[in-house]
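Structural overview for review
What follows is the residue order along each chain.
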Amino acid sequence: MKFGTQLRNSLNPDWRFHYVDYSRLKKLLKRSLRNGTGTFAEEDETTFSAALNRDLKDVRRPVPHRRTCGGSDVPGVFRLSQVWSFQAVKVGEIGRRVQHCDISVEELIAKGDESPVAWEEIEREINLIISEVNELARYTRLNYSAFVKIVKKHDKHTQIPLKETFMAKLNEKPFYKENYDSIVLQLSRLYDVVRNRGRPSDSSAVRRESGTQNFVRRTTKYWVHPDHIM
């Protein structure tokens, strides 16, 4: 399956305007190569680089596509700065939602409230947050893959090395380095408390009693497709 198709099939419909416009970047690259002698001119490189990097004035709404590719700006292509901004906004929203759940749990425990309605409401919210975290992690992976693939495609077909320059830009807005582990751990702890209606679970008690003597180091390995390595 081609990556463009994979991206369209995997994106979150509610966030569809916040992904890299991979298909349009690919079309821009092909169209520039077809013009004239089939080589990538300096103007083409400027246009393509702008499409990858430049900020839009309003990152909240997509800008309508233009039919032409002339000039140094290509509205309609969702780019690095917008991906980074959108991810930062979503991480902030998730953090505030987790904090709200935490405060709500503390208040219920302080009141000794064991009525199911309030606890079930918090449990539903935690499940929604977990789903959002999973979506955001997938959003990060898809956009990173899109950037890597389009830059590799550019370098292959134009013989103009862009990878090093773009990686410098990427490191200025390193959305792909966002780590969601702390959020997941916090949600896991909250879910444990909520499920037991504010009472510590047996597993929590065992962990507290065991101290550090039974500490076991755990590592996680991630497989990365060779095409996604820059």
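If you're wondering where the values come from, they're calculated on a predicted model, not measured in any experiment.

Now for the nonpolar core. Phe48, Leu52, Phe147 and Phe166 are the most contacted members of the largest nonpolar core, which has 46 residues in total. Secondary structure elements with two or more residues in this core: helix 1 (3-10), helix 2 (22-34), helix 3 (42-53), helix 4 (80-111), helix 5 (116-158), helix 6 (163-172) and helix 7 (181-195). A per-element tally of this core places helix 5 first, with 15 residues.

This part is about the packing of helix 1 against helix 5. When two helices pack together, their arrangement is given by the angle between the helix axes and the distance between those axes. Following both chains from N to C, one finds helix 1 and helix 5 inclined at 160°, their axes separated by 11 Å at the closest point. It follows that helix 1 is roughly antiparallel to helix 5 by the angle criterion. As for how helix 1 packs across helix 5, the hand of that crossing is left-handed. Mapping the contact onto sequence places Phe3, Leu7 and Ser10 in helix 1 and Arg138, Leu142, Ser145, Ala146 and Lys149 in helix 5. Classifying every residue of the contact of helix 1 with helix 5 gives four nonpolar, two polar and two charged.

Moving on: unusual backbone geometry. Of note, Arg197 is a non-glycine position whose phi angle comes to about 55°, a positive value. Mapped onto the elements, Arg197 comes out in the loop between helix 7 and helix 8 (202-210).

Attention now moves to the environment of Leu28. Within the element layout of this structure, Leu28 appears in helix 2. For the pair Leu28 and Phe48, spaced 20 residues apart in the sequence, the C-alpha separation amounts to 7.2 Å.

The next thing to look at is the pattern of salt bridges. Scanning the entire structure with this criterion turns up eight salt bridges. Between Glu132 and Lys90 there is a salt bridge; the shortest N-O distance is 3.0 Å. Of this pair, Glu132 sits in helix 5 while Lys90 sits in helix 4, placing them 42 residues apart in sequence. Here Glu132 matches Lys90 in class, with each residue buried. With its nearest N and O atoms 3.3 Å apart, the salt bridge here joins Arg189 to Asp102. Of this pair, Arg189 sits in helix 7 while Asp102 is found in helix 4, placing the two residues 87 residues apart along the sequence. You can call Arg189 partly exposed: its relative accessible area is 41%. Overall, Asp102 belongs to the buried group, its relative accessible area being 17%. Among the charged side chains, a salt-bridge network with shared partners connects Lys90, Glu93, Arg97, Glu125 and Glu132.

Procedures and definitions
Residues numbered from 1 in each chain as written. Predicted model: local features only at pLDDT ≥ 70, side-chain atom pairs only at ≥ 80, totals over all residues. Heavy atoms only, no water. Core = buried A, V, L, I, M, F, W, Y, C linked by side-chain atoms within 4.5 Å. Buried < 20%, exposed > 50% of the residue type's maximum accessible area, 1.4 Å probe, protein only. Helix = DSSP H or I, 4+ residues; strand = E, 2+ residues; numbered from the N terminus. Axes fitted to C-alpha atoms, helices over the stretch in contact; angles between N-to-C directions. Parallel < 35°, antiparallel > 145°, perpendicular 65-115°, else oblique. Left-handed = near helix turned anticlockwise from the far one by under 90°. Contact = heavy atoms within 4.5 Å. Nonpolar A, V, L, I, M, F, W, Y, C, P; charged D, E, K, R; others polar. Salt bridge = Lys/Arg side-chain N within 4 Å of Asp/Glu carboxyl O.

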